[in-house]
Structure formats: C-alpha cells, structure tokens
Amino acid sequence: MRVALFVPCYVDQLWPRVGLATVSVLERLGVEVVFPDEQTCCGQPLANAGFADAAAPLARRFLEIFSGFDAVVCPSGSCTSMVRNHYDPFLAGRPGFETLKRGTYELCEFLVDVLGVKALDGRFPHRVGLHQSCHGLRELGLGTPSELLLPRSNKVGGLLSSLSGIELVPLARADECCGFGGTFAVAEEAVSCLMGKDRLADHARAGAEVVTGTDVSCLMHLDGLARREQVPLRFLHVAELLSEALS
Amino acid sequence: MSAGPREALGHPVRAARFAADEARAHWHDQALWFVREKRDRAAALVPDWERLRDAAAAIRAHTQGRLAAYLEEFERNAIARGAVVHWARDAAEHNDIVHRILSGHGVRRVAKSKSMLTEECGLNPFLEARGIEVVDTDLGERIVQLAGEPPSHIIFPAIHRKREEIGELFHAKLGTPAGLADPKALTEAARVHLRERFMSADAGMTGVNFAVAETGGIVVCTNEGNADMGTHLPRLHVASMGVEKVVPRLADLAVFLRLLARSATGQPVTTYTSHFHGPIDGGELHVVVVDNGRSEILADAEARRSLTCIRCGACMNTCPVFRRSGGYSYEYVVPGPIGALLAASRDPRAHASLPFASTLCGSCDDVCPVKVDLHHELLLRRRDLARAAILPRSKRLSMSLLGWILAHRATYEAAGRILRLLLRRLPRAILYGAWNVWGRRRELPEPPAESFRETWRRTRGAGHG
C-alpha cells in the first residue's frame, strides 16, 4: 500500500520529529510512504478564523497535490477533519474530491480502520495520560465522546493499551478541551491558559508521566504551559510514542 | 441583519477579567461541571437517549418548516379554550401589549416566573418605569433582581454568586441575620419574602416552555412551583412566548420534557410541569407570541437550527469556555454557545467577538438535546463576519498575507526558515516581549534546525520543485 503523508504546516516547521515518527510507524507496518513535496497547509487556520474564502485556494491546491494515492495519512485529527468535514464548500463536485475525502485518515484511524491493526507488538513501560483532541474525537469519531450515550470505543486508546507495560491513567474529565483552539489560544489567551492548566492538573493528579495525543497543536499548548509552570510531564505525539514503543 | 453599534470591548477582555480571579473561575467551572456530570448520569438512565435526541431534532425541523401553520393552529385552539392571543413583532410591541393588559386591569404588582423572553425584551425596566412592580419569583432570578444584575445563566441565573454573597445580599435587602450563608436558611428566607409577594400580586406572568398547537395549551416547567403560585391567586395570567416555542402535538411533549430536565439540571423531570389550558374560572389568560427577529433567523437556512433550542442550558454547562468566563462575558441575554449564535445572528457587529468565544471543541453539539450543530454554526458565523468585513482590518490583512504565503510552497518554506531562525536567535527579552501573547503564560516551542521536509529531502534524496 502506497500512502501520501500529509504533514500539517506547523508540524513540518516546528515538530519535524512527529512527521518522522509517523513515517517510521507506517513503514514498520509495511506501508510505502510518499511525501508530496508541494504540500503546505490545509487552510484550517484561515477557515477557523472566519476567512473561508482565503482558505479555498489552499483546499483546491490540496486536492491537486493529494489526488491519486491509495490513502492520505496525517498525524493530526484536526487537519484530517478539515479535509473530511470542512472542504465541501470549496470542493464539492470536483473530480477526485469524494475519493480524497474518504481516503484521508488520521494516523491511528488509518492503523485501525484501514490496516486493521488490533494490537501493536511494542513496549512502553510508562504511565500515560491520553489527551483526546476535540476534532479527532468529535469530528472524526476516533472515540466516543463522553457526552454521547453510545457504546464506548476509543481507537487511539485501544492501540496504546495494546502496548506492553503501558498504563493508561484515568482522568477526571476524559475529554475536556485543552483550550488551544487555533487562534483562540492567543485571542482568548486568559481562558485558553486556564483550560490548559486544568488539563495539566488532571493528568498530574492521575499520575501520568507522559501525555500523548493525536494533535501536536494541543500538546504544544500544554507543553508550553507545563514548561513555564515547571510541571514535570513529558509530551509525546502518539506517533512518537508508538514509534518509540515499536523500536 | 441590522448594523448596530460596534462591540466595545469584546468577549476576550470580559472573559480575562473573570478568569483573572483564578480561584473563582475554578469554582464556577466546578459548579457547572457538576451539573454536566449530573446530566450525563441522568441521560444514561434513559434507554435510547440518542434516539430521543434524533426524534426531538426531527420534530423541531418539521415544526420549523410549517411554523406559521402550527402557530395559527395554536392560536385557534388557545382562543377556543378562552385565552386571548396577541402577536408582537418585536420587543417594543411585546412590552406595549403586556403593559396595556396590565394597566387595563389596574395591576400594581406582577409576580413573574422565569422567562428569558421578557429579559430579552427588557420588560422589567419597561414596566417599572410605568409604575408596575415586577417581582421575579424564581429564586435565582430574585437574587439577581435584588442585586440589580441580569441573569448570568438561563437555568441558574445566580450561578456566579457564592452563597456568602447571597447571604450578604439577603441581609441588606431582606433583613436576614448578618453572616447567614446556609443555603437552606437563605432559601427559607426568600420563600417567606416571596410568599408575601405572591399573596399581594395583582397578576401573574410566566414564560412558555412549550405551546401545543393541537390543544392550544401552554406548558411551563419550574422547580419551585412559582409559575403556579404566581398564576393561581391573581385573576390575570400573561404568558410570553417566542414563535419557536410551538410543538405540533401533545404527544411531542413526551420527547421534549424527557430531554429538557435531564439536559438542564440532570433531574428526571422538572418538579413542576404546569399545563395551562385557558384561564382559571373568572380569570383571563393572555398569550403574547413574539417574533423579535426570529423570522429573520428562520429565513437564514444556515442559522435557523439555532431557533430549535429548548433553552436547557446544557451547552453552557459543558462549554469549557463558558465555565471559565462566566455568563456576563457574553453580554447577551442568552450566553454560552447558543447565545453566541443568536447574538451574532441578531446583530453581528455588536457581538462580533462571540463566535470566537469558542475553541470549536464540539462538546455543545453532543449535549444539545435537539442536536443544534452549535460549533459548526459558530464557524459559519465567523465566516459571515469575515465576509461582511466586520472583523478588524489588521486581521483581514494578516490572514490574506498568510493565505498567500501558504499557497506558494517556496515562500512558505522561506517564511518557515525565518520563523525558526528568529525563534532560535532572538534574545528572550525580545522573544517574550509584550507583543508575544502566547508567551505570557506559555513557553514557545523549541524550534528545530530543519523542517520535516528538509530532513526528508536530505535523507530520502527526493528532488523538489
């Protein structure tokens, strides 16, 4: 299977190790990874700030660059959701769009739903807090949000708990938002930081050593707060954690 | 959409003020999270909760499509039961109608149970300026009324007040002993005080939770029985309702009442669900049906779902922003996610910051008993604000520039390199200067020397361009 790697712009520029870890996990599972070099950004920062019209050219560009692969895999629930759930106003009816929409996956989702991975042969002997980023959880359905009265499922948690030695710590608020929220992190700085600090406290109280999640954006916010407050938590994107566990 | 005054300060400033008292914001957050958890437990006891939500959303959508017909059916049946039905185009008409009814009966004092619509219309000050005393009889509403404040939450109007503060307020206004802060004793004091007001009221006013087209009856849900207390003694009952409150059939209440109380407070049912079918013997029942901008929202296909709201407040209780910014930070009669939508639909310019008072986490969508896609609609309101050029010019320019950079790979790469270089090289004093809002309470990420694609090209040897 040949997949195109979609590396969100901020991951490309600031967290290259997350992109590399994604490649390493995919290749370890026998997937051929291609990185279309013309890619930049899916347009989410613009669209979420209200500038949908400025995001439209980026969506068209995305379709052009990422057409023709078996699948597109991305180490971000939020950017994946942009393509799957928010591209319609820009691209509906264009050739290849439906295929692209259906074929774009967040990394864990790709492992579970496409590769059919039920358990990973890896080891990660740490207490881990899972931060369930909102767009992955509620827009992609990576798990059952706590609000819904439906059978519980959790794709990311399932993969993690299959690792030997890992202990997923129970949080008081299983899926509360961390307060990143894109431009919200700056525009509503006070509330954003308060939300983040509450998440940190929850993970710390639960005894987590490592906090992981599907989106670097949330982790960058939490990590920034933790470093300032000197909270001794380690932040690893789920690709980094899996890559470390598998090696 | 009207082009009202520009927003003076915006949600971020008001929210930051609330959040600055971290202990208090934390307490507010915990109080509402407690309600959210209670809601979760109550919902879990209903088999097929999610199907119930689907049914409610379907009934609401159906009703919206035939709203005029159902309203007329309601009017016919209400009149047949002896009620008088009035139609008010806007808040001013509503207030005039209510005032005319009350003054026509020589009313001096009104006992009013909870009604967000009368808040929306500014009825209390309107009547008081004309010599009619309005006593809010819902305990929370009475507290904020005594304090001279608007409600900060549609279900818990005084949720922002600690019991000690309510004790002080009651000491000043009701003469309770100084330092009394026991909720039970305070409630008892309020009850005695309100009892006297109920006895001496010349008219009762209520809101309307549901108006049933098929029967012409109206339904009011309270936990304190104050709607009944307020309307059983006086001969005159005036009920105000928004046009969206109508449901087609009596049987539909089986769906909505099960959802409403559980979503609002986590109770299986509100303590009092009062059905009014015409006036009491020898009395009068007036129902004032109010539009006040609702038709305009109804005409907007992208916004109309916000009108299906049953005012349970669940979106406020679950909203991580609301819990930490307080109801007043919205400066609108209905706060929280649903309030942000309604406010931005009503007057986008005056409430331009509200659609941004959200991380778009989507929790509100998932608790909403009628499945309003709140976070998606907030995103659409943002888009509308940008298209109407209501957002600041600086934001427009920076977003256009960002869009242009991101559309050109080589420029994007160059910008990324400069950004990483600056992050690495700038002295901390400059990097964390006043301009850096992110860095006030957070460290910036530690920039890598190479971007992902640079490493990829170097190690995988792929050419580019």
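Since the model is a prediction, treat every value here as computed from it, not as a measurement.

Overview of the overall build of chain A
Here is step 1 of the chain: When its secondary structure is counted, chain A shows 14 helices and eight strands.
Here is step 2 of the chain: Over its C-alpha atoms chain A spans a radius of gyration of 17 Å, differing by no more than 12% from the 18 Å that the globule rule assigns to 247 residues.
Here is step 3 of the chain: When the backbone C-alpha atoms are referred to their principal axes, chain A occupies close to 50 × 40 × 40 Å.
Here is step 4 of the chain: The 247 residues of chain A split such that 60% are buried.

What to know about the interface of chain B and chain A
Here is step 1 of the chain: With 61 residues of chain B at the contact, the number on the chain A side is 56 residues.
Here is step 2 of the chain: Looking at the side of chain B that touches chain A residue by residue, the class counts come to 35 nonpolar, 11 polar and 15 charged.

Regarding the domain arrangement of chain B
Residues and elements named next belong to chain B.
Here is step 1 of the chain: Domains assigned within chain B are domain 1 (1-45 + 306-390), domain 2 (49-292) and domain 3 (393-460).
Here is step 2 of the chain: Computed from C-alpha atoms alone, the centre-to-centre distance between domain 1 and domain 2 is 23 Å.
Here is step 3 of the chain: Contact with domain 1, which involves 27 residues of that partner, is made by 26 residues of domain 2.
Here is step 4 of the chain: Those elements that provide at least two residues to the side of domain 1 that touches domain 2 are helix 2 (22-44) and helix 14 (314-318).
Here is step 5 of the chain: With nine residues, the single largest contributor to the side of domain 1 that touches domain 2 is helix 2.

Digging into the pairing of strand 10 (residues 284-290) of chain B
Residue and element names in this part refer to chain B.
Here is step 1 of the chain: Strand 10 sits mainly inside the fold: six of its seven residues count as buried.
Here is step 2 of the chain: Sheet topology note: the strand 1 (residues 84-88)/strand 10 ladder contains five bridges and is parallel. Bridge pairing links Val84 to His286 in strand 10.

With respect to the confidence of the model for chain B
Here is step 1 of the chain: When pLDDT is averaged along chain B, the result is 95, and 98% of the positions lie at 70 or above.
Here is step 2 of the chain: Model confidence for the complex is summarised by a pTM of 0.97, with the ipTM given as 0.97.

Some thoughts on unusual backbone geometry
Residues and elements named next belong to chain B.
Here is step 1 of the chain: The phi angle at Arg311 is positive, at roughly 60 degrees, despite the residue not being glycine.
Here is step 2 of the chain: Relative to the assigned elements, Arg311 resides in the loop between helix 13 (294-299) and helix 14.
Here is step 3 of the chain: Classification of Arg311 by C-beta neighbours within 10 Å gives buried; the count is 21.
Here is step 4 of the chain: Positive phi values are uncommon outside glycine, yet Ala389 reaches one of about 55 degrees.
Here is step 5 of the chain: As for its position among the elements, Ala389 is in the loop between helix 18 (374-387) and helix 19 (393-406).
Here is step 6 of the chain: The exposed category is assigned to Ala389, around which 9 C-beta atoms lie within 10 Å.

Digging into the sheet that holds strand 5 (residues 127-131) of chain A
All names here are of chain A.
Here is step 1 of the chain: In space, the four strands of this open sheet follow the order 6-5-7-8, with parallel pairing throughout. Looking along the sheet, the strands with just one partner apiece sit at the ends: strand 6 (167-168) and strand 8 (234-237).
Here is step 2 of the chain: As judged from the four bridges shared by strand 5 and strand 7 (residues 210-213), these two strands associate in the parallel manner. Bridge pairing in strand 7 places His131 opposite Gly213.

So, helix 8 (residues 107-114) of chain A
Here is step 1 of the chain: All of the buried residues along helix 8 of chain A are Leu107(A), Cys108(A), Glu109(A), Phe110(A) and Leu111(A).
Here is step 2 of the chain: Following helix 8 of chain A by one or two positions, Gly116(A) adopts a phi angle in the positive range, close to 70 degrees.

Cut-offs applied
- Starting from 1, residues in each chain are numbered consecutively following that chain's sequence as written.
- Chain labels run from A onward and ligand labels from 1 onward, assigned in the order the entries are written.
- Whole-chain, interface and lining totals are the exception, using all residues; otherwise, since this is a predicted model, local features are given only for residues with pLDDT of at least 70 and side-chain atom pairs are given and counted only at 80 or more.
- In this text, helices come from DSSP runs of H or I with a minimum length of four residues, and strands from runs of E with a minimum of two, each type numbered from the N-terminal end.
- Two things to know: the radius of gyration comes from C-alpha atoms, and the globule rule equals 2.2 Å times the number of residues to the power 0.38.
- Here a residue counts as buried when 20 or more other C-beta atoms fall within 10 Å of its C-beta, as exposed when 12 or fewer do, and as partly exposed in between; the C-beta atoms come from the backbone.
- By the criterion used throughout, residues are in contact when their C-beta atoms, derived from the backbone, lie within 7 Å.
- Amino acid classes used here: Ala, Val, Leu, Ile, Met, Phe, Trp, Tyr, Cys and Pro are nonpolar; Asp, Glu, Lys and Arg are charged; the rest, including Gly, are polar.
- Just so you know, the domain bounds were taken from an automatic or database domain assignment.
- For two strands to be treated as a pair, DSSP must find at least two bridges joining them.
- In predicted models, pLDDT denotes the confidence assigned by the predictor to each residue on a 0 to 100 scale.

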